[in-house]
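Observations on the three-dimensional arrangement
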Amino acid sequence: DGRLGFTAILPLVRLGAKTAADSPVQLHSSSGIGTGDLTFGAYLQMRPVIQDGRPVFSQRFEVDILAPTGQYDAKYSANRGTNYWWLNPSWAATWLPTKDLELSTRLHYLYNSKNTKPDGVAPFITSYQSGQAVWANCAASYAINQQWRAGVSGYYFKQLSNDKANGATVADSKTVGFAMGPGLFWRMDQHNIFMANFYVPVVNKNNLSGKTLNIRWVHPF
């Protein structure tokens, strides 16, 4: 028994990236602030499990699609948009062992389509497709009061199959990433929630690396 809902996310991205001076490949990126790719989808939110008059477990099933609406230019190695579609089914769950302690996870599967205009680092590559992947988001938080929660969060990303360039497999191109850091939750009022998470990379392979700050505003209509 659950309720059907829909989501849409359009990120605002400030992008800046650079490589070491002695790197054999120099990274070029767009700069400033602009919109990223649009994510939209549908979810089934199950009714929570109630024990002793309070919710102790809830779960949600969701399917999201990313549309390549973000700013993209093939002359840059790093862009706000991806220039390809992806499909992302997921399962999310929250366990409340006490009224103040919360443990959450979200498991994802990712399928990427081809980018038919990859960046210009290798001009002979006319199409590029990232491999299939799975990842998990995890978080733990404690209620300071009815409005504020503080805790830690992290994610682990693992690519299952190698990338493909011009339809051919790219050897040793699987991405692995693990990052974690502090998080803060603020329920401003009944219709507005702000969340902030800061991630520090712990493990990173075949991917851009750096500290990340995510700030989200949730407004249910």
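The coordinates are above.
Below or above, wherever it landed, is the structure these notes cover.

Parameters and conventions
- Residues numbered from 1 in each chain as written.
- Predicted model: local features only at pLDDT ≥ 70, side-chain atom pairs only at ≥ 80, totals over all residues.
- Heavy atoms only, no water.
- Salt bridge = Lys/Arg side-chain N within 4 Å of Asp/Glu carboxyl O.
- Helix = DSSP H or I, 4+ residues; strand = E, 2+ residues; numbered from the N terminus.
- Buried < 20%, exposed > 50% of the residue type's maximum accessible area, 1.4 Å probe, protein only.
- Patch = residues over 30% accessible without salt bridge, like charges linked within 9 Å, V, L, I, M, F, W, Y side chains within 5 Å.
- Areas by Shrake-Rupley, 256 points an atom, 1.4 Å probe, with all protein chains shown as cover.
- 1 Å grid on protein atoms, 1.4 Å probe; cavity = no way out; pocket = protein on both sides within 12 Å on 5 of 7 lines; lining within 4 Å.
- Points joined across faces, edges and corners; volume = space filled by probe spheres on them.
- Nonpolar A, V, L, I, M, F, W, Y, C, P; charged D, E, K, R; others polar.
- Pairing = 2+ DSSP bridges.

The next point concerns the pattern of salt bridges. For the structure shown, the criterion picks out five salt bridges. A salt bridge links D172 to K205, with the shortest nitrogen-to-oxygen separation between them at 3.4 Å. Of this pair, D172 sits in the loop between β13 (168-169) and β14 (176-189) while K205 is found in strand β15 (residues 192-205), placing the two residues 33 residues apart along the sequence. Judged by its relative accessible area of 56%, D172 is exposed. When its relative accessible area of 39% is taken as the criterion, K205 is described as partly exposed.

Moving on, we come to a nonpolar patch on the surface. Residues L4, F6, L44 and F61 make up a contiguous nonpolar surface patch of about 450 Å² in total accessible area. Under the relative-accessibility criterion, F61 is labelled partly exposed at 41%.

Of the voids in this model, the second largest pocket is the one considered here, and its volume is about 170 Å³. Lining the second largest pocket, in full, are R3, L4, G5, Y43, Q45, M46, R47 and P48. Put simply, the parts of the chain that give the lining of the second largest pocket at least two residues each are β1 (2-9) and β4 (38-46). Across the lining of the second largest pocket, the residue classes break down as four nonpolar, two polar and two charged.

Glancing now at the sheet that holds strand β12 (residues 164-165). What the three strands build is an open sheet, ordered β9-β12-β13; its pairing is antiparallel. In the strand order of this sheet, the two ends are held by β9 (128-129) and β13, each with one partner. Bridge count between β9 and β12: two bridges; the pairing is antiparallel. Its bridge partner being in β12, Y128 is matched across the sheet by A165.

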